[in-house]
Amino acid sequence: MDSQVLVALALSLVGGLSTSIGAIFVILNPTPNLKTLGLLQGFAAGLMLSISFLDLAHNAINSIGFLKGNLWFFAGVIFFAVVANFIPEPTLAPVTNGKDKKKNGDEGGKDIMKKHRRQVLFSGIVTAIGISLHNFPEGMAVFLGSMKGLRVGLNLALAIALHNIPEGVAVALPVYFATQSKWQAFKLATLSGFAEPLGVIIVAYLFPSSLSPEILEGLLGSVGGVMAFLTLHEMLPLAFDYAGQKQAIKAVFLGMAFMSASLYFLEISLPKDLSL
């Protein structure tokens, strides 16, 4: 159990700290390339869909039956739908608008700019809190996937890592605008990613040291539901908005192909004594 926790913790750190990559996008270039971010979202969506339907849900149905497998899957969908309902969506919308520019030009008021910067900073902090709450169940998913085997944990961590890059941008962009500090933008975006390893630590020590195979397969089926909802509710719409529908769809299928290849190469390259 301890070794599984350490593996899950390491994988969740990889996924969570990808928010730092998003922050680097911002501090190196204050106007991030949204098309690139959209393609990354589409690619990650392909990874997620493959994991959800072709691996987690498929295995749950085969292991515990069609009815139970689907009940667990849709329980995961409902759980994350409720979580998403109470969490503000991250946005990469511009942090200034025409009215603000007109006000600043007409009045030349430093106080107005300071007030605007405070509002934007507050927006960045709220987004960071929302993304932290959002990342917590993702850490749970990585832990449960790692209990199933290294292959599942690795692929979940990779898909989540790609998904977290735009989330890091969503946090860092308003903070960088408001504070003009690269360090503050990087720090807050990075901290928002630490919710994933925190989710691993908390869930690992709430779970019993051993779970029945049926419960474990059911939980993994529910993780498939979480991943499917996350993909369809957040990742695909952002990919369409930033990269365009045609390019995003290509990225989705590229992600699915990459996932199939990764499953094969992991299977033939990992030591025989590691669970797949």
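Residues numbered from 1 in each chain as written. Predicted model: local features only at pLDDT ≥ 70, side-chain atom pairs only at ≥ 80, totals over all residues. Heavy atoms only, no water.

With respect to the helices and strands, Ser52 occurs in helix α3 (residues 34-64). Apart from the residues within four sequence positions on either side, Ser52 is in contact with Ala57, Gly224, Met227 and Ala228. (Helix = DSSP H or I, 4+ residues; strand = E, 2+ residues; numbered from the N terminus. Contact = heavy atoms within 4.5 Å.)

A separate point is unusual backbone geometry. At Gln180, a position not held by glycine, the phi torsion is positive, near 60°. Examined against the element boundaries, Gln180 turns out to sit in the loop between α7 (150-179) and α8 (182-193).

On to the packing of α7 against helix α10 (residues 213-243). At a closest axis distance of 13 Å, the pairing of α7 and α10 adopts a crossing angle of 30°. If you check the angle between α7 and α10, you find them roughly parallel. Two packed elements cross with a definite hand, and for α7 against α10 that hand is left-handed. Two secondary-structure elements touch here, α7 through Leu156, His163 and Glu167 and α10 through Val223, Met227, Leu230, Glu234 and Met235. (Axes fitted to C-alpha atoms, helices over the stretch in contact; angles between N-to-C directions. Parallel < 35°, antiparallel > 145°, perpendicular 65-115°, else oblique. Left-handed = near helix turned anticlockwise from the far one by under 90°.)

Moving on, we come to the UniProt feature "transmembrane region" (unreviewed entry) in the protein. Following the UniProt record, the feature "transmembrane region" (unreviewed entry) maps to residues 6-28, 37-57, 69-87, 120-136, 156-176, 188-207, 219-236 and 248-266 here. Its end C-alpha atoms 28 Å apart, residues 37-57 is made of 100% helix and 0% strand. Taken as a whole, residues 188-207 contains 90% helix and 0% strand, while its terminal C-alpha atoms sit 30 Å from one another. (UniProt positions renumbered as here; feature names shortened; annotations may be inferred.)

On to α3. For α3, built from 31 residues, the straight-helix expectation of 45 Å at 1.5 Å per residue is met to within 8% by its first-to-last C-alpha distance of 42 Å. The principal kink in α3, of about 35°, is found at Ser52. One or two residues past the end of α3 sits Gly65, with phi positive at roughly 105°. (Expected span 1.5 Å × (residues − 1). Bend = angle between axes of the 7 residues up to and from the residue.)

What the rule picks out here adds up to one salt bridge. In this structure, the salt-bridge partner of Glu214 is Lys68, at a minimum N-O distance of 2.9 Å. One end of the pair, Glu214, is in helix α10; the other, Lys68, is in helix α4 (residues 66-85), with 146 residues separating them in the sequence. The class for Glu214 is partly exposed, based on a relative accessible area of 39%. (Salt bridge = Lys/Arg side-chain N within 4 Å of Asp/Glu carboxyl O. Buried < 20%, exposed > 50% of the residue type's maximum accessible area, 1.4 Å probe, protein only.)

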